[in-house]
Structures are given as C-alpha cells and as structure tokens.
Amino acid sequence: MLQSGISSIADVQYATIESNGQIGYTLKQKKQSATKEDIQRLIHLIQTGQLKQQS
C-alpha cells in the first residue's frame, strides 16, 4: 500500500477496482495532502489573522 501513497487502510474513504484492474481510491479529508494554495492561505492567515478567500 505504501507504493500508492496509502500508509494505512484506515486512511481510505473509499476504493474502487477500475476496468483496467487498477485500484482507485480517495483518502479521508484529514489524510489528503495540502496543496501549495492551502499552504499560502495558511501563511496569509497566520500573518494577517484573516482567512484569504479562494479565487
């Protein structure tokens, strides 16, 4: 499972077997990676105390 970015089955919200035999999955929200935009919004919040609106 580590190869696919899953460290624990408990981190998976749901999984499917695709028609090509591959496994598709969605991680639980708390286990999903932060995007660069997420990090920039957090930095803005820390610096200004205001949540930056999504564009």
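Procedures and definitions
Residues numbered from 1 in each chain as written. Predicted model: local features only at pLDDT ≥ 70, side-chain atom pairs only at ≥ 80, totals over all residues. Heavy atoms only, no water. Helix = DSSP H or I, 4+ residues; strand = E, 2+ residues; numbered from the N terminus. Buried < 20%, exposed > 50% of the residue type's maximum accessible area, 1.4 Å probe, protein only. Contact = heavy atoms within 4.5 Å. Areas by Shrake-Rupley, 256 points an atom, 1.4 Å probe, with all protein chains shown as cover. Salt bridge = Lys/Arg side-chain N within 4 Å of Asp/Glu carboxyl O. Pairing = 2+ DSSP bridges. pLDDT = per-residue confidence, 0-100.

Caption draft 1: Fine view of the overall build of the protein. Helix and strand content of the protein: 1 helix and 2 strands. Classification of the 55 residues of the protein by burial places 11% in the buried group. In the protein, the share of contacts with a sequence separation of at least 24, taken over all contacts with a separation of at least 6, comes to 0%. Taken as a whole, the protein presents about 5100 Å² of accessible surface, with 51% of it coming from carbon and sulfur.

Caption draft 2: Representation of the pattern of salt bridges. Counted under the stated rule, the structure contains 1 salt bridge. Close ionic contact of Asp 11 with Lys 31 constitutes a salt bridge, the shortest N to O distance being 3.9 Å. Here Asp 11, found in the segment before β1 (12-17), pairs with Lys 31, found in the loop between β2 (23-27) and α1 (36-48); they are 20 residues apart in sequence, far enough to count as distant. The class for Lys 31 is partly exposed, based on a relative accessible area of 48%.

Caption draft 3: Representation of the pairing of β1. Pairing of β1 with β2 involves 5 bridges; the strand directions are antiparallel. Residue pairing for β2: Ile 17 is matched across the bridge by Ile 23. Counting the residues in the hairpin turn of β1 and β2 gives 5 residues, including Gly 21, whose phi is positive at 90°.

Caption draft 4: Structural context of the environment of Gln 32. Among the structural elements, Gln 32 can be located in the loop between β2 and α1. Note: C-alpha distance between Gln 32 and Gly 5 (27 residues apart in sequence) is 9.9 Å. Residues contacting Gln 32, with those up to four places away along its chain left out, are Thr 26 and Leu 27.

Caption draft 5: Spatial organisation of the confidence of the model for the protein. Looking at the protein as a whole, the pLDDT averages 86, with 87% of positions reaching at least 70. Looking at the elements of the protein, mean pLDDT is at its lowest for β2, recorded as 90, and at its highest for β1, recorded as 93.

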